[in-house]
Amino acid sequence: MITDIYRFNFGGNVCTVEIGMSLKGLNALRRVPVSAKDTLYVYDDNTEGLFAGDIEKITGREEESAAVRVVIDHGEEHKSWESVNRILEKAVESDFGRDCTFMGIGGGVLTDLVAFASSVYMRGSGLILVPTTLLSMVDASIGGKTGFNYHGYKNLIGTFYPAEKVCIAIETLESLPENEFNAGIAEVIKTAMLGDEELFGMLEREKKRLLGRDGELLKEIVGRCVIFKGRLVEEDLRERGKRAFLNLGHTFAHALESSVNFKGILHGEAVAWGLLKALELGAQLNITDYSYMERVKNLLLDYGFPLKYDSIKPARLISAMYGDKKKRKGNLRFILQRSIGDNLIEEGISEELLNRVLSG
Ligand code: GLY
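The paragraphs below set out a description of the structure included in this document. (Residues numbered from 1 in each chain as written. Predicted model: local features only at pLDDT ≥ 70, side-chain atom pairs only at ≥ 80, totals over all residues. Heavy atoms only, no water.)

**Here's the deal with unusual backbone geometry**
Working step 1: With phi around 50°, methionine 122 is a residue other than glycine that occupies positive phi space.
Working step 2: Summarising the element assignment, methionine 122 is placed in the loop between helix H4 (108-120) and strand S6 (126-131).
Working step 3: Within the chain, phenylalanine 262 stands out as a residue other than glycine whose phi angle is a positive 60°. (Helix = DSSP H or I, 4+ residues; strand = E, 2+ residues; numbered from the N terminus.)

Below, the structure written as structure tokens:
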């Protein structure tokens, strides 16, 4: 079975992304050059049961019960210092040296946590990520952002630490619950909006195949997102410029997630709502093309995203946005679009205008 291999240079660090249909087919996993003693396998409580046997066998642990594992509870509320600490404690207890490798197998929460722990363990261990959700395949595992939530602020603590290898097996998406799979499509839509018109058209035409998790289609879609994000991050690893475009919809999305204490709304669902809000804000400023906004709205509705959260008051959302801004001593910034691929950053949006957009 053919696998696709992409190589990126993220701030001088080579990151190889391999995309194949099955875990078994990934050369990057079969060639993990480590002994049983020096790999720390980190799963969440879903991925351990689903993939630990296969992953450890493929990476050379078939005879051994020696694989050193940590299992983290899944969910945004566990994206915490406590989870990072458990990973680090296991590495210390197991006498892992600086040449060890941390391997994170799971969704975006898990891969961000493992990547952070890896970045600080002895000033940096080896890092391999095996993303198993659509969201982590197309976004979280690519480009080196790591981190965890702190004092109620999303990803307040973090580092830039690209994985050496990202191993993507499309088959791991088969076991994903429907709501999580569908939520991941929001980040795919975001990528298409930012600059892949062909992908946008594909999403419009191929809804049935995509929701049916057609493997070949998924491989192509994930590949397009990896290339788009990888190229952009190669130009701007530390988000001094255009990497910020990847935050399209995210100022709104993070405010929504923080307003519900990161419970009950999936990140992708919040992003879908945030994408529409960013376009509505742009339309209010006479920046965003109205027919483009309608096209995106129809696509989001077609994929079943609930684009209304009426029970959360605009004032609550605005206070979450300003709280986050104050904490980071930055300006409240919005990524806006004129139309597909035509992106800009806007600051100085009035509270009154925000209130109008959030009341709509
Ligand atoms: N998820 C946004 C970024 O990686 O920059």
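**Focus on the environment of threonine 159**
Working step 1: Residue position: threonine 159 is located in the loop between strand S8 (153-157) and strand S9 (165-169).
Working step 2: In sequence terms threonine 159 and histidine 254 are 95 residues apart; their C-alpha atoms lie 19 Å from each other.
Working step 3: Among residues more than four places away in sequence, those in contact with threonine 159 are Phe116, Ser119, Gly144, Lys145 and Thr146.
Working step 4: Of note is the side chain of threonine 159, whose polar atom sits 2.9 Å from the side chain of serine 119. (Contact = heavy atoms within 4.5 Å. Polar contact = N/O pair within 3.5 Å; in protein donor to acceptor, adjacent residues only side chain to side chain.)

**Describing the site of the ligand**
Working step 1: Neighbouring residues of the ligand: Asp139, Lys145, Lys229, Arg243, Leu246 and Asn247.
Working step 2: Aspartate 139 has a polar side-chain atom sitting 3.1 Å from a nitrogen atom of the ligand.
Working step 3: Arginine 243 has a polar side-chain atom sitting 2.7 Å from an oxygen atom of the ligand.
Working step 4: Burial of the ligand by the protein amounts to 89% of the accessible area it has alone, namely 200 Å².
Working step 5: Grouping the amino acids of the shell around the ligand by side-chain chemistry returns one nonpolar, one polar and four charged. (Near = heavy atom within 4 Å. Areas by Shrake-Rupley, 256 points an atom, 1.4 Å probe, with all protein chains shown as cover. Nonpolar A, V, L, I, M, F, W, Y, C, P; charged D, E, K, R; others polar.)

**Quick word on the sheet that holds S6**
Working step 1: As summarised here, the arrangement of the seven strands in space is S1-S2-S9-S6-S5-S3-S4, forming an open sheet in which the pairing is mixed. The sheet terminates laterally at strand S1 (4-10) and strand S4 (68-72), the two strands that pair on one side only. Within the sheet, the average angular offset between the axes of one strand and its neighbour, ignoring direction, is 15°.
Working step 2: Relative to strand S5 (residues 101-106), strand S3 (residues 39-44) runs parallel, the two being bridged by five bridges. Among the inter-strand pairings, tyrosine 43 is bridged to a residue of S5, identified as isoleucine 105.
Working step 3: Against the sheet, helix H3 (residues 81-93) engages S3, S4 and S5, with an angle of about 170° to S4.
Working step 4: Relative to the sheet, H4 contacts S3, S4, S5 and S6, its axis offset from that of S5 by approximately 170°. (Pairing = 2+ DSSP bridges. Axes fitted to C-alpha atoms, helices over the stretch in contact; angles between N-to-C directions.)

**Notes on the nonpolar core**
Soluble globular proteins tend to bury their nonpolar side chains together.
Working step 1: One finds Val17, Ile87, Phe102, Ile189 and Leu203 to be the most contacted residues of the largest nonpolar core, which totals 106 residues.
Working step 2: Residues within four places of phenylalanine 102 in sequence aside, it is in contact with Leu40, Ile87, Ala91, Val114, Ala117, Ser118, Tyr121, Ser125, Gly126, Leu127 and Ile128.
Working step 3: Core analysis: the second largest hydrophobic core is formed by 17 residues, Leu23, Tyr41, Ala67 and Ala169 among them. (Core = buried A, V, L, I, M, F, W, Y, C linked by side-chain atoms within 4.5 Å. Buried < 20%, exposed > 50% of the residue type's maximum accessible area, 1.4 Å probe, protein only.)

**Focus on the packing of helix H11 (residues 267-284) against helix H14 (residues 351-359)**
Working step 1: Taken N-terminus to C-terminus, the directions of H11 and H14 make an angle of 125°; their axes are 10 Å apart at the nearest point. As judged from the angle between their axes, H11 and H14 are oblique. As for the relative orientation of H11 and H14, their crossing is right-handed in sense. Here Trp273, Lys277, Glu280, Leu281 and Gln284 of H11 lie close against H14, whose contacting residues are Leu353, Arg356, Val357 and Leu358.
Working step 2: For the contact of H11 with H14, the per-class residue count stands at five nonpolar, one polar and three charged. (Parallel < 35°, antiparallel > 145°, perpendicular 65-115°, else oblique. Left-handed = near helix turned anticlockwise from the far one by under 90°.)

**Remarks on the side chain of threonine 47**
Working step 1: Structurally, the position occupied by threonine 47 is in helix H2 (residues 47-58).
Working step 2: On the basis of relative accessible area, threonine 47 is assigned to the buried category, the value being 4%.
Working step 3: Beyond its immediate sequence surroundings of up to four residues, threonine 47 is in contact with Ala52, Ile105, Gly106 and Thr132.

**Topic: the environment of glutamate 235**
Working step 1: You can see glutamate 235 is positioned in helix H9 (residues 215-235).
Working step 2: C-alpha separation for the pair glutamate 235 and asparagine 155, spaced 80 residues apart in sequence, amounts to 22 Å.
Working step 3: Among the polar contacts listed, one links the side chain of glutamate 235 to the side chain of lysine 242, at a separation of 3.1 Å.

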